[in-house]
Amino acid sequence: FTTGLQDTGVGTMAEPDDLYTLRTLFWLGNYQRVPVEASSLNRLPEALRIEVKEFVYRSYIAMGQHSIVLDEIKDAPGTPVSLQAVKLLARYLSDPSSKELVLMTLGEWLADPGSAGNSSLQLIAAVIYMHENNTKDALKTIRHGTTMEQLALNIQIYLKMDRPDLATKQVRLMQQADEDATLTQLSLAWTYLATGGKKLQEAAFIYEELIDKFGPTTSLLNGVAVANMHMGKFDEAEKTLQNALQQGPNDPDTLVNLISCYQHLSKPSELIQRHINQLRSGAPNNPMVQQLNTVEGAFDRVAGTYALN
């Protein structure tokens, strides 16, 4: 199962109220509304104006609109490091052939005293390392991080490493900073999902409360569905995932979870295959697609050894 949660944005522990709605929209996966909200924010200090741009461009990246980011963020000396980092993420995700150059550039920026301390660069570097399945460098990059997003990404890394105990410690740090913060609640839900057992229902409650407060998003609906799937409530999970599919017909996490749900409900194979084909078409680099390709390739090779000449 996947949670449908996306990488977090960039911010500080003491979140300025001016960006509360903007950050919340991004954290909950309501990416289409981020540029609209950003356009209403005026007379902000320079640091916050830059942060607003980070959220806007990262929202475009999350929606797959990498070209907007690549075109609008200029490769110029005056471009803030944080925005250069966002552009680097867009390049990495949109152009597989640029991977080596991106990783080399990241290494140079992280080694440069003039940019190494930038929290946005650290966060995005960790995100890229996670895409590379390099949890060691991802953790190393943000291990001393103090922003809410860095703590949240630390939690995701620990959960990927199957260390819910360490993730729980990070959640406590976030609760000490701001127990009611949206990102703190999300992080708590992720940890509850990983812990399992009685915590699954608590995770579902958190997602449902966030939906009641902020409205449904594919991310939150997937969270509810995953909790229900782990509790064996596949019929309820299917209904929730159908709602998520209406919001984002090609959302990879929704498709992955729906395929898994259909398999547990013994749905017709042609229905399952249709969603697999949809996932393959829209997200060819999705881990589930890559696993299927590996398994099918191995099967074809074995079958070929028994083929009649």
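Residues numbered from 1 in each chain as written. Predicted model: local features only at pLDDT ≥ 70, side-chain atom pairs only at ≥ 80, totals over all residues. Heavy atoms only, no water.

(A) Up close: the packing of aromatic side chains. Enumeration according to the criterion identifies two aromatic pairs in this entry. Between F26 and F55 the ring centres are 5.4 Å apart and the planes differ by 70°, which places this aromatic pair in the edge-to-face class. Pair noted here: F26 is in helix α1 (residues 20-27) and F55 is in helix α3 (residues 46-62), with a separation of 29 residues, a long-range link. The same class applies to F26 and to F55, which are both buried. Three or more aromatic residues link up through ring pairs in this structure, and these residues are F26, Y31 and F55. (Phe/Tyr/Trp six-rings, centres within 6.5 Å; stacked < 30°, edge-to-face > 60°. Helix = DSSP H or I, 4+ residues; strand = E, 2+ residues; numbered from the N terminus. Buried < 20%, exposed > 50% of the residue type's maximum accessible area, 1.4 Å probe, protein only.)

(B) Fine view of unusual backbone geometry. A positive phi angle is found at D162, which is not glycine, with a value near 60°. Classification of D162 by relative accessible area gives exposed; the value is 61%. The backbone of S266 sits at a positive phi, close to 55°, despite the residue not being glycine. Topologically, S266 is positioned in the loop between α15 (252-264) and α16 (269-282). Overall, the relative accessible area of 64% leaves S266 in the exposed class.

(C) Main features of the packing of helix α9 (residues 148-160) against helix α10 (residues 164-178). Contact geometry of α9 with α10 gives a least axis separation of 8 Å together with a crossing angle of 165°. By the angle class used here, α9 and α10 are roughly antiparallel. Viewed along their axes, α9 and α10 form a crossing whose handedness is left-handed. On the side of α9, the interface is formed by M148, L151, A152, N154, I155, Y158 and L159, while α10 contributes P164, L166, A167, Q170, V171, L173, M174, A177 and D178. (Axes fitted to C-alpha atoms, helices over the stretch in contact; angles between N-to-C directions. Parallel < 35°, antiparallel > 145°, perpendicular 65-115°, else oblique. Left-handed = near helix turned anticlockwise from the far one by under 90°. Contact = heavy atoms within 4.5 Å.)

(D) Structural view of helix α5 (residues 81-94). Between its first and last C-alpha, α5 extends 20 Å over 14 residues, near the 20 Å set by a 1.5 Å rise per residue. Buried within α5 we find S82, L83, A85, V86, K87, L88, L89, A90 and Y92. Here the buried face of α5 lies against α3, α4 (66-72), α6 (99-111) and α7 (119-131). (Expected span 1.5 Å × (residues − 1).)

(E) Geometry of the packing of α3 against α5. Direction vectors running N to C along α3 and α5 enclose 5°, while the axes themselves pass 9 Å from each other. As the angle between them shows, α3 and α5 are arranged roughly parallel. Residue-level inspection shows I50, K53, E54, Y57, R58 and I61 of α3 in contact with α5, the latter providing S82, L83, V86, L89, A90 and L93. Among the residues making up the contact of α3 with α5, the classes are represented as eight nonpolar, one polar and three charged. (Nonpolar A, V, L, I, M, F, W, Y, C, P; charged D, E, K, R; others polar.)

(F) Geometry of the pattern of salt bridges. This structure, assessed with the given rule, holds seven salt bridges. For E202, the salt bridge identified is with K199, shortest N-O distance 3.7 Å. Of this pair, E202 and K199 are both found in helix α12 (residues 199-214), three residues apart, which corresponds to roughly one turn of the helix. A relative accessible area of 32% places E202 in the partly exposed class. On the basis of relative accessible area, K199 is assigned to the partly exposed category, the value being 30%. (Salt bridge = Lys/Arg side-chain N within 4 Å of Asp/Glu carboxyl O.)

(G) Structural context of the nonpolar core. Membership of the largest hydrophobic core comes to 74 residues, with the highest contact counts inside it found for L22, V52, V69, L186 and Y207. Tallying contributions element by element places α7 first for this core, with nine residues. For V69, the residues in contact, after removing those within four places along its chain, are Y57, Y60, I61, V86, K87 and A90. A237, C261, I272 and V289 belong to the second largest nonpolar core, which has 19 residues in total. (Core = buried A, V, L, I, M, F, W, Y, C linked by side-chain atoms within 4.5 Å.)

(H) Layout of the side chain of Q122. Within the secondary structure, Q122 sits in helix α7. Apart from the residues lying within four places of it in its own chain, the contact partners of Q122 are A116, G117, T141, I142 and Q150.

(I) Examining the environment of Q185 more closely. Take Q185: it is sitting in helix α11 (residues 182-195). Contacts of Q185, omitting those with residues within four sequence positions, involve E179, D180 and I206.

(J) Seen up close, the environment of C261. Assignment of secondary structure puts C261 in helix α15. For C261, a relative accessible area of 0% corresponds to the buried category. Each residue touching C261, except ones within four places of it in the same chain, is listed here: M229, F234, A237, E238 and L241.

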